[in-house]
Every structure is written in C-alpha cells, then in structure tokens.
Amino acid sequence: MEAIETTCTVALRDYPELPPKERMAAEARYLRVLERKLGGAEVVAEALRAVVQLQESDGSEASPEDLALAGQWTKAANAAREAGYQGLGEVDGAYFEVRLA
C-alpha cells in the first residue's frame, strides 16, 4: 500500500480491506480537496505544522497566524474526509493520516 505524496503523505488507516486502486483514489481525493480548501500543497504543509505544534504544546506560544491555520485545517480536513470516503462509506475507527513528507 502506497501513500499519495506531495509535501505531505496521506494514507487511509484502519479501513477494511480495500483494493489498492480504490484506496489510492480515496487518498488522492482527500489530498486534492485538502489542497483546494487550504490553497495549495505549501499551505497544507504550513497548516499541518501549525496543528502539530499546537497539539504538542499548551498553545500559549502559538501565533495568531498558527491559530488561524489550525482553524482552517479543521474545516478543510472535514471536507477532505467527506470527499475521501465518497463511494466507500465511513467506517468506525478509520481515518486519513496526513504527515509531512
């Protein structure tokens, strides 16, 4: 199983057995919507960095820009998740994992 790669990797995790072509299509849909909603691959990477930084800290040192990016991430990730599951259906416990490349 391969993940879609740009500045980030996306992988569908904990989903029941799925043919590789369908899994890759779901991951590509997720990434495409995430990039479109956030404004491109570079912004996806910046937003992911901001989210990770906020998760690893208490948030007191977060800049207003990082907080704004984290808020945008949440909205974009929700839309991307919906697109990713299109035609597959959501499964309890399944999720799209996004990591910096």
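Starting from 1, residues in each chain are numbered consecutively following that chain's sequence as written. Restriction of local features to residues with pLDDT of at least 70 applies here, the model being predicted, together with a cutoff of 80 or more for giving and counting side-chain atom pairs; totals for whole chains, interfaces and linings are based on all residues. Excluding hydrogens and water, the side-chain values take into account all heavy atoms of the structure.

## Brief notes about the pattern of salt bridges
This is how the line gets drawn: Between Lys or Arg on one side and Asp or Glu on the other, a salt bridge is scored when a side-chain nitrogen of the former is within 4 Å of a carboxyl oxygen of the latter. Helix and strand labels come from DSSP, where a helix needs a run of H or I of at least four residues and a strand needs a run of E of at least two; each type is numbered from the N terminus. Note on classification: 1.4 Å probe, protein chains only; a residue is buried when its accessible area is under 20% of the maximum for its type, exposed when over 50%, partly exposed between these limits.
Tallied over the entire structure, the rule returns 2 salt bridges. Of the charged contacts, one joins Glu-97 and Arg-13 as a salt bridge, the two residues approaching to 2.9 Å between their closest N and O atoms. You can see Glu-97 sitting in strand β3 (residues 95-100) and its partner Arg-13 sitting in strand β2 (residues 8-13), a full 84 residues away along the chain. According to the relative accessible area criterion, Glu-97 is buried, its value standing at 17%. Judged by relative accessible area, which is 27%, Arg-13 ranks as partly exposed. The partner of Glu-97 in a salt bridge is Arg-99, with the nearest N and O atoms 3.1 Å apart. Beyond isolated ion pairs, a larger network of salt bridges with shared partners links Arg-13, Glu-97 and Arg-99.

## Considering the packing of helix α2 (residues 41-56) against helix α3 (residues 64-84)
Which entries qualify depends on this criterion: Fitted lines through C-alpha atoms give the axes, limited to the stretch in contact for helices. The angle between two N-to-C directions lies from 0 to 180 degrees. Throughout this description, any angle smaller than 35 degrees is read as roughly parallel, any larger than 145 degrees as roughly antiparallel, any in the 65 to 115 degree range as roughly perpendicular, and the remainder as oblique. Any two residues whose heavy atoms approach within 4.5 Å are treated as being in contact. Throughout, the ten residues Ala, Val, Leu, Ile, Met, Phe, Trp, Tyr, Cys and Pro are labelled nonpolar, Asp, Glu, Lys and Arg are labelled charged, and all others, Gly among them, are labelled polar.
α3 packs onto α2 with a crossing angle of 105° between their chain directions and a minimal axis gap of 8 Å. Taken together, the axis directions place α2 and α3 in an arrangement best described as roughly perpendicular. Touching Val-43, Val-44, Glu-46, Ala-47, Leu-48, Ala-50, Val-51, Gln-53 and Leu-54 of α2 are Asp-66, Leu-67, Leu-69, Ala-70 and Trp-73, all from α3. For the contact of α2 with α3, a count of residues per class yields 11 nonpolar, 1 polar and 2 charged.

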